[in-house]
Amino acid sequence: MLATRLRARITAWPALAFWLAASAVLGAVACFVPLLETLGYELSLATALLASLGAGHVATTVAPRIRGGKAPPLEPGPAIPALYGRALAAGMSLLAAPLALSLLNAARVPPCNLAEGALFFVLLPVISVAAAAACGLAIGASFRRARSAAAAWFCVWLASLLAAGIEFYATPAVFLYGPFFGWFPGVLYDTLLEVRRGLVTYRVVTLLDVAAILAISAAALDRGALLLKPTLVGSGRKAAIAAAALLLAAIGAHLAGPPLGHAARRCDLERELPTRVSRDGLDLYFPDGIDPEIARESSDDAAFSLAEVEAFFETGERRRISVFFFATAADKGRAMGAARTNVTKPWRGEVYVVVDEVPHEVLRHELAHAVAASFGRGPFALAGDAFGIVPSPGLVEGYAVAAEGPRGELTTHQWAAAMRRLDLLPPLARTMGLDFFDLAASTAYTAAGSFVRWLRAEHGAAALRRIYGGAAFEAATGHDLGALERRWHAFLDTVDLEPRDLAAARMRFDRPSVIGSTCVHEVARLNAAAAELASEGRLDRAIETLETALLRSGDSTLARLDLFAALAASRRRGAVVAMGRELLSSGQLGSAQRDRIAEVLVDLDAEGGRCPAAAERYAALVPGAPSDDLRRRLQVKAHLCRMDAGGAVAPILDALAAEPAAHGSPDALAALRIGELAAGAGDPWLDHLAARQHARLRDREGTIEWLDAAERHGLAATSKEVVFAAGTLRGRALFHLGRLEEARAVFAALSADAALREGQRAHAADWTARCGFASRTRAPVSLDDPANSN
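Quick notes on the rules
- In this convention, every chain numbers its residues from 1, walking through the sequence in written order.
- With pLDDT at 70 or above as the cut-off, local features in this predicted model cover only qualifying residues; side-chain atom pairs require 80 or more to be listed or tallied, and sums for whole chains, interfaces and linings still use all residues.
- Side-chain measures here rest on the full set of heavy atoms in the structure, leaving out hydrogens and waters.
- Strands here mean DSSP runs of E at least two residues long; helices mean DSSP runs of H or I at least four residues long; both are numbered from the N terminus.
- Each radius of gyration reported is based on C-alpha atoms, and the globular scaling rule is 2.2 Å times the count of residues to the power 0.38.
- Buried residues are those whose accessible area, probed at 1.4 Å on protein chains only, stays under 20% of the maximum for their type, while exposed residues exceed 50% and partly exposed ones sit between those limits.
- Whether two residues touch is decided by their heavy atoms; if any such pair falls within 4.5 Å, the residues are in contact.
- Expected span of a helix, by definition, is 1.5 Å for each gap between consecutive residues, and there is one gap fewer than residues.
- In this analysis, rings of Phe, Tyr and Trp, with Trp reduced to its six-membered ring, are considered paired at centre separations within 6.5 Å, and the interplanar angle assigns stacked below 30 degrees, edge-to-face beyond 60, and tilted for intermediate values.
- Should the NZ of a Lys or the CZ of an Arg lie within 6 Å of a ring centre and within 35 degrees of the ring normal, that charge is described as sitting over the ring.
- When DSSP finds two or more bridges between a pair of strands, those strands are recorded as paired.
- To get an axis, fit a line to the C-alpha atoms, keeping to the stretch in contact for a helix; angles then go from 0 to 180 degrees between the N-to-C directions.
- By the counting rule applied here, Lys and Arg register as positive and Asp and Glu as negative, while His and the ends of each chain are not counted.
- Salt bridges are defined by distance alone: a side-chain nitrogen of Lys or Arg within 4 Å of a carboxyl oxygen of Asp or Glu.
- For classification, angles of less than 35 degrees are called roughly parallel, those exceeding 145 degrees roughly antiparallel, those between 65 and 115 degrees roughly perpendicular, and all remaining angles oblique.
- The crossing is said to be left-handed when, going from far helix to near helix, the turn is anticlockwise and less than a right angle, and right-handed when the turn is clockwise.
- The residue classification treats Ala, Val, Leu, Ile, Met, Phe, Trp, Tyr, Cys and Pro as nonpolar and Asp, Glu, Lys and Arg as charged. All others, Gly included, are polar.
- Patch definition: residues above 30% relative accessible area lacking any salt bridge, with like charges linked at up to 9 Å and the nonpolar side chains Val, Leu, Ile, Met, Phe, Trp and Tyr linked at up to 5 Å.
- Accessibility throughout is a Shrake-Rupley quantity obtained with a 1.4 Å probe, and a residue counts as covered only by protein chains that appear here.
- The pLDDT score gives, residue by residue, the confidence of the prediction method on a 0 to 100 scale.

## Remarks on the overall build of the chain
Consideration 1: From N to C terminus, the chain includes 36 helices and 11 strands.
Consideration 2: Radius of gyration (C-alpha) of the chain: 31 Å, near the 28 Å computed for a compact globule of 790 residues.
Consideration 3: On the principal axes, the C-alpha backbone points of the chain span a range of 100 × 60 × 55 Å.
Consideration 4: Buried positions account for 52% of the 790 residues belonging to the chain.
Consideration 5: In the chain, once contacts between residues fewer than 6 apart in sequence are set aside, the share between residues at least 24 apart is 69%.

## Quick notes on helix α21 (residues 481-492)
Consideration 1: For α21, which comprises 12 residues, the first-to-last C-alpha distance of 16 Å matches the rise-based estimate of 16 Å (1.5 Å per residue) to within 8%.
Consideration 2: When α21 is considered as a whole, its buried residues turn out to be A483, L484, E485, W488, H489 and L492.
Consideration 3: Contacts made by the buried residues of α21 are with α17 (412-421), α18 (428-431), α19 (441-468) and α20 (473-477).

## Re the packing of aromatic side chains
Consideration 1: If you walk through the whole model with that rule in mind, you get 25 aromatic pairs.
Consideration 2: Arranged with centres 5.6 Å apart and planes meeting at 5°, the rings of Y169 and W347 form a pair that is stacked. Highlighted residues: Y169 in helix α8 (residues 146-170) and W347 in the loop between β8 (343-345) and β9 (350-354), separated in sequence by 178 residues.
Consideration 3: When the ring of F324 is compared with that of Y352, the centres are 5.7 Å apart and the planes differ by 15°; the resulting orientation is stacked. Placement of F324 in strand β7 (residues 321-326) and of Y352 in strand β9 is noted, with a sequence separation of 28 residues between them. For the pair shown, F324 and Y352 are each scored as buried.
Consideration 4: Every member of this aromatic cluster is reached through a ring pair, and the members are F312, F313, F375, Y399 and Y468.
Consideration 5: For K345, the ring lying beneath its charged end belongs to F168, and the centroid distance is 4.1 Å.
Consideration 6: The positively charged end of R770 is found above the aromatic ring belonging to W767, 5.0 Å away from the centroid.

## What to know about the sheet that holds β8
Consideration 1: Reading across from one edge, β5-β6-β7-β9-β8 is the order of the five strands in this open sheet, with mixed pairing throughout. The open sheet has two edge strands with one neighbour each: β5 (275-279) and β8. Mean inter-strand twist for the sheet, computed between neighbouring axes without regard to direction, equals 15°.
Consideration 2: Inspection of the sheet shows β7 paired to β9 by five bridges, in the parallel sense.

## Things to note about the side chain of K345
Consideration 1: Inspection of the secondary structure puts K345 in strand β8.
Consideration 2: Despite its burial, K345 remains without a salt bridge, the nearest opposite charge being carried by E350 at 6.9 Å.
Consideration 3: Setting aside chain neighbours within four positions, we find K345 in contact with F168, T171, P172, A173, V174, E350 and Y352.

## Digging into the side chain of T61
Consideration 1: The topology assignment puts T61 in the loop between α3 (41-60) and α4 (62-67).
Consideration 2: Taking relative accessible area as the criterion, T61 reaches 11% and is therefore assigned buried.
Consideration 3: Non-local contacts of T61, meaning those with residues more than four positions away in its chain, are made with W13 and A15.

## Some details on unusual backbone geometry
Consideration 1: Backbone torsion omega between V358 and P359 reads 0°, so that peptide bond is classified as cis.
Consideration 2: Positioned with a positive phi, D423 is a non-glycine residue whose angle comes to about 60°.
Consideration 3: Using a relative accessible area of 70% as the deciding quantity, one classes D423 as exposed.
Consideration 4: One non-glycine residue with positive phi stands out, namely R571, at about 60°.
Consideration 5: By secondary structure assignment, the location of R571 is in the loop between α25 (557-569) and α26 (573-584).

## Considerations on the environment of E357
Consideration 1: Looking at the secondary structure, you find E357 in the loop between β9 and α15 (363-372).
Consideration 2: Using a relative accessible area of 47% as the deciding quantity, one classes E357 as partly exposed.
Consideration 3: C-alpha separation for the pair E357 and E297, spaced 60 residues apart in sequence, amounts to 8.8 Å.

## Considerations on the pattern of salt bridges
In a structure, side chains of opposite charge can pair up when their charged atoms sit close to one another.
Consideration 1: Taken as a whole and assessed by the stated rule, the structure comprises 40 salt bridges.
Consideration 2: Two residues, R279 and D300, come together in a salt bridge whose shortest N-O distance is 2.5 Å. Of this pair, R279 sits in strand β5 while D300 is found in helix α13 (residues 292-313), placing the two residues 21 residues apart along the sequence.
Consideration 3: Judged by its relative accessible area of 12%, R279 falls in the buried class.

## Overview of the packing of α3 against helix α7 (residues 114-140)
Consideration 1: Close contact between α3 and α7 brings their axes to 7 Å; oriented N to C, the two are set at 20°. Taken together, the axes of α3 and α7 lie roughly parallel to each other. Like other packed secondary-structure pairs, α3 and α7 cross with a definite hand, here right-handed.
Consideration 2: Its residues placed into classes, the contact of α3 with α7 shows 15 nonpolar, nine polar and no charged.

## Here's the deal with a nonpolar patch on the surface
Consideration 1: Together, I216, L247, L248, I251 and L255 give the surface a local cluster of nonpolar side chains, amounting to about 480 Å² of exposed area.
Consideration 2: Top contributing element to the nonpolar patch by residue count: helix α10 (residues 237-255), with four residues.
Consideration 3: Position of L255 relative to the elements: it lies in helix α10.
Consideration 4: Judged by its relative accessible area of 68%, L255 is exposed.

## A short note on the confidence of the model for the chain
Consideration 1: Residues of the chain with pLDDT of at least 70 account for 92%, and the chain-wide mean is 87.
Consideration 2: Taken as a whole, residues 786-790 scores under 50 in pLDDT and shows three contacts with residues more than four places along the chain or in a different chain.

This is the structure:
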């Protein structure tokens, strides 16, 4: 009987029938789409968008259907609650199919975090439908014709999305909040998505909006005609007072958006970062109390990076760029939404990063985005279709990677060439299109950066600017994308690589994208929770959490490696050895990952006093190590194991371990032991370690003194990796001491050393240019606090 009545009701209510069918289709399709196949944020967002659109449309028909005799009349009693009850019930029915199908799909794809998924479902689609039903009901009661009401509703729904977009466009915020979808984080590559305080408080504000809409509707409703008439608002004193109070409360809640985390304004950022430095086309904002030396170094770094980016693109104009340096990632996340990701809004000329060592790891990349805006197009000043409104992520990120300069001993071209030889290089058609987001970030960024850098070498900076500004590849270069790809591949085939480079590339690039991963957000949440537990010394709980992450990930290799690292940090020798052997025999690891595990096992032997054998095993790992830093670390540990120093090297070995013990020697103790051993040993390896410790403590004079000792004691006879690292340490120490000509000479010698890798020489050449730039432009930095100025 109930099914018959429900079927008759749906048949008599065409709008509801249509949206029920649409929601069922969404639920069915979602069962086979990664990130949508389990109950979580993505499914909740998709459901909120569709269901709110449908719920609002259905709600607009409630009053007209009663007026037209197509629905039962109202019973005696308050009219608006009764009407809203009907609209809300119809709207909530649109959530049944996606929710039910997702729960049934759990038999095929186990849910990642059912409790958090349910909470997202309540906060996004459930409250979105409640808001849409209230808004749709009010609109339906404002028009005599149902079609006019429906058209008005669709305009309101689109206007709400447009308002969220304007908020994103006009403010520093990277997130979007809206009544009919809830929350969009904005940072696509941030895997850590969880229910946040800002979302909860925003949904409280949404419910306040619902109450205000219903109260105003109740005060203005002509019950007989079922129409809202503004002239009736003052006729009922209590209803009018309630409506006014709720309206004012809702307005106040929206005005409190920035402190509640629902909005971000530039003035708020400037108050949080009151120390300002202005130079060379840059306005740099730092936290209050910033060390003047750090502010000066960061300012110099930003000015040099900006000059390098402008030279790469050969821009003819300069627009002022603001850089906001936050003390921590948490501060940045609270202020503008992007905690773990550094971002730029090119159209605003604003960069948002965390204070870091010089040279800043990502600052030049982010400045490249801001500079590219000078030849971008459309409101977002980006490369892409429809005047840049639909961006080309491959071009946007590829230009920044190409301009960011050297990073590591391999160049961008060498990384891309290694991917090509491992059949991991994606086609340009995917890299340049929206499929970019379906690729692992490291793969997509590197491939795009190599192509853009090659494009500049072949066709010049002018062609780059034209392409970014909207010109077709063929118009700018004389070749279509396919022809350019073939020529680029031919170039990559000429790039020299060593076998260890392929191992490093396999370790770096052979991994799934965020979209293709299983329970990526839940695994990221569990990893973050495990890290926090470990920092508190609760290692057993941290390991249990990582075991859960491994289960949620579908037994992924990366999750197994994370658990292995935690076991190693806890020094559970039996468990580490057993899991290490299991991983090594699984056949799922590349050579670099296998060597990493082998190194951990050797560390246990070295710490257990089996140093002679450990020294030989460390040395055996050196040839296949994928990076210069790792080779140097293995060489140093092998050397320490060969020393006859008893237990004195134990804290040093622990500090150098691939996975240092969580309760091992503090850095200060390791530094003390290094100094004690080095003081009377006359050993260049120990001298180098002591220099590194002083560099970490920003003691530049001490760094140089220990490097001088290393040279006296035979630094040249250690290894080329140690010699290169020592040269880099010396040059950087001299640079920060203001001895720029000496620093420039050191880096120039390194950049001309044919024995070094191409990436190392490029890195030294970049520092050489940095020294020259500083000698021409460095000046005392004036720290300005706008809050204290007139």
